[in-house]
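Listed below are the residues making up each chain.
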Amino acid sequence: MTSVFADTFYWYGLANRRDQWHSRVLRVRYELGDRSLVTTDEVLTEFLAAMSGDVFLRAAGSLLVSAILIDPIITVLPQSHASFIEGLEFYKNRPDKGYSLTDCISMIACRHEGFVVLITR
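What this report covers is the structure whose coordinates are included nearby. What you are looking at is a predicted structure, and each value in this text was computed from that prediction instead of being measured. (Residues numbered from 1 in each chain as written. Predicted model: local features only at pLDDT ≥ 70, side-chain atom pairs only at ≥ 80, totals over all residues. Heavy atoms only, no water.)

1. Examining the packing of helix α3 (residues 41-51) against helix α4 (residues 55-70)
For the pair α3 and α4, the least separation of the axes is 8 Å and the interaxial angle reads 160 degrees. Our classification of the angle between α3 and α4 gives roughly antiparallel. Along the contact surface, α3 presents Leu44, Phe47, Leu48 and Met51, while α4 presents Leu57, Arg58, Ala60, Gly61, Ser62, Leu64, Val65, Ile68 and Leu69. Of the residues belonging to the contact of α3 with α4, the class tally is 10 nonpolar, two polar and one charged. (Axes fitted to C-alpha atoms, helices over the stretch in contact; angles between N-to-C directions. Helix = DSSP H or I, 4+ residues; strand = E, 2+ residues; numbered from the N terminus. Parallel < 35°, antiparallel > 145°, perpendicular 65-115°, else oblique. Contact = heavy atoms within 4.5 Å. Nonpolar A, V, L, I, M, F, W, Y, C, P; charged D, E, K, R; others polar.)

In structure tokens:
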């Protein structure tokens, strides 16, 4: 069964009940069933930064990331200097795009993992 890449948008929508995409993300999570997920340390860093402005969201984010790190069906690709440099090159070479550095690192990781990347936002 094919793994699915989970980006910051996914984790934020899953964790934040007030997010406009929360119900949609829950539906997608249900539809994924027992498919394995892949994410990156950078995505989790960006997710925690997005959750940091509110004490309740911060707590929810911390709990979710702790659960992600021990979940056997979720692979977290490690951050490295090499992934940072490769993502930075991707970022620099696309000045016309609105991709964050985390988006660029994620796209590179997906390429390395053999995923097809669809930008949906």
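Read on for the rest.
2. Focus on the state of the cysteines
Overall, the coordinates contain zero disulfides when judged by the stated rule. Cysteine 104 takes part in no disulfide bond, and the closest cysteine sulfur to it belongs to cysteine 110, at a distance of 12 Å. The class for cysteine 110 is buried, based on a relative accessible area of 5%. (Disulfide = S-S within 2.5 Å. Buried < 20%, exposed > 50% of the residue type's maximum accessible area, 1.4 Å probe, protein only.)

3. Observations regarding the sheet that holds strand β1 (residues 4-5)
Pairing between the strands of a sheet is mediated by backbone hydrogen bonds and can be parallel or antiparallel. Read across the sheet, three strands follow the order β1-β2-β3 without closing on themselves; strand pairing throughout is parallel. The open sheet is flanked by β1 and β3 (74-77), the only strands paired with a single partner. (Pairing = 2+ DSSP bridges.)

4. Thoughts on the environment of arginine 35
On the secondary structure map, arginine 35 appears in the loop between α2 (22-32) and β2 (37-40). Measuring from C-alpha to C-alpha, the distance between arginine 35 and threonine 2 comes to 6.8 Å, with 33 residues separating the pair along the chain.

5. Considering helix α6 (residues 101-113)
Helix length check: α6 (13 residues) gives 18 Å between terminal C-alpha atoms against 18 Å at 1.5 Å per residue, within 8%. Listed in full, the buried residues belonging to α6 are Thr102, Cys104, Ile105, Ser106, Met107, Ile108, Ala109 and Cys110. In this structure, the buried side of α6 is in contact with β1, α1 (8-15), β2, α3, β3 and α5 (81-92). (Expected span 1.5 Å × (residues − 1).)

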